[in-house]
Amino acid sequence: MTQNAADSGDSRDLVITRVLRAPRAALWRAWSEPELLKQWWCPKPWTTDVLAFDLQPGGAFHTLLKGPDGSSNDIPGAFLDVAPQSRIVFTSMLTAGWRPAKPWLGFTAVITMADEGDGCRYVARVMHPDDASREQHEKLGFFDGWNTVITQLDEFASSLR
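Heads up: these notes are all about the structure in this document. Keep in mind that what you see is a predicted model, and the values were worked out from it rather than measured. (Residues numbered from 1 in each chain as written. Predicted model: local features only at pLDDT ≥ 70, side-chain atom pairs only at ≥ 80, totals over all residues. Heavy atoms only, no water.)

**Topic: the overall build of the protein**
The helix and strand tally for the protein stands at four helices and 11 strands. Over its C-alpha trace the protein gives a radius of gyration of 15 Å, about what one expects of a compact globule, namely 15 Å for 161 residues. A principal-axis box enclosing the C-alpha atoms of the protein has dimensions of 40 × 35 × 35 Å. Here the protein holds 161 residues, and the buried ones make up 45% of them. Long-range pairs, those at least 24 residues apart, make up 48% of the contacts in the protein between residues at least 6 apart in sequence. Within the structure as shown, the protein displays about 8,000 Å² of accessible surface, and the carbon and sulfur contribution to it stands at 51%. (Helix = DSSP H or I, 4+ residues; strand = E, 2+ residues; numbered from the N terminus. Rg over C-alpha atoms; globule rule 2.2 N^0.38 Å. Buried < 20%, exposed > 50% of the residue type's maximum accessible area, 1.4 Å probe, protein only. Contact = heavy atoms within 4.5 Å. Areas by Shrake-Rupley, 256 points an atom, 1.4 Å probe, with all protein chains shown as cover.)

As structure tokens, this is what we get:
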């Protein structure tokens, strides 16, 4: 089941809700180990370098996405909240140690995971500072890109069983 919503109660949010095949423990492991994260984090054939990963509130979360054509997307950020095996909150609006940032696209993502049947309900809620930022993110291919990555996560985490 996939549910995409641009209107989730707050017009500034983009939300994807899916029930994944992989168990929550495997999804958490794929999320919480940098060497595993880089296996699924961006839509293939792009690749991910994990430049900083300190999975705790205020810890750095910095990835560099590299395209097959030599293009790249540098995304520094920080973790805001971590509840093992259930929630990860990260933002591009701050970097490590709560240092304010001026990202090219400001957002905060809340990822939640909860057991459902033999799988896991996975919700990605991406909050933006204003409607214009949300609209920009959606036009950049938010739903296609994030759904592709969630599918890659599910397939990868399923192989960790």
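**Description of the layout of surface pockets**
Taken as a whole, the largest pocket spans an internal volume of roughly 770 Å³. In terms of lining, the largest pocket is formed by 35 residues, of which the most central are L65, N73, I75, H137 and W146. Broken down by secondary-structure element, the contributors of at least two residues to the lining of the largest pocket are β4 (61-66), β5 (72-75), β7 (87-91), β11 (119-127) and α4 (142-159). No other element matches α4, which puts five residues into the lining of the largest pocket. Taken together, the residues of the lining of the largest pocket sort by class into 25 nonpolar, nine polar and one charged. (1 Å grid on protein atoms, 1.4 Å probe; cavity = no way out; pocket = protein on both sides within 12 Å on 5 of 7 lines; lining within 4 Å. Points joined across faces, edges and corners; volume = space filled by probe spheres on them. Nonpolar A, V, L, I, M, F, W, Y, C, P; charged D, E, K, R; others polar.)

**So, the nonpolar core**
One finds W31, W40, F90, Y122 and W146 to be the most contacted residues of the largest nonpolar core, which totals 37 residues. Element by element, the count of residues in this core is highest for α4, at eight residues. In contact with Y122, other than residues within four places in its own chain, are I16, T17, R18, L20, W31, I111, T112, M113, I150 and L153. (Core = buried A, V, L, I, M, F, W, Y, C linked by side-chain atoms within 4.5 Å.)

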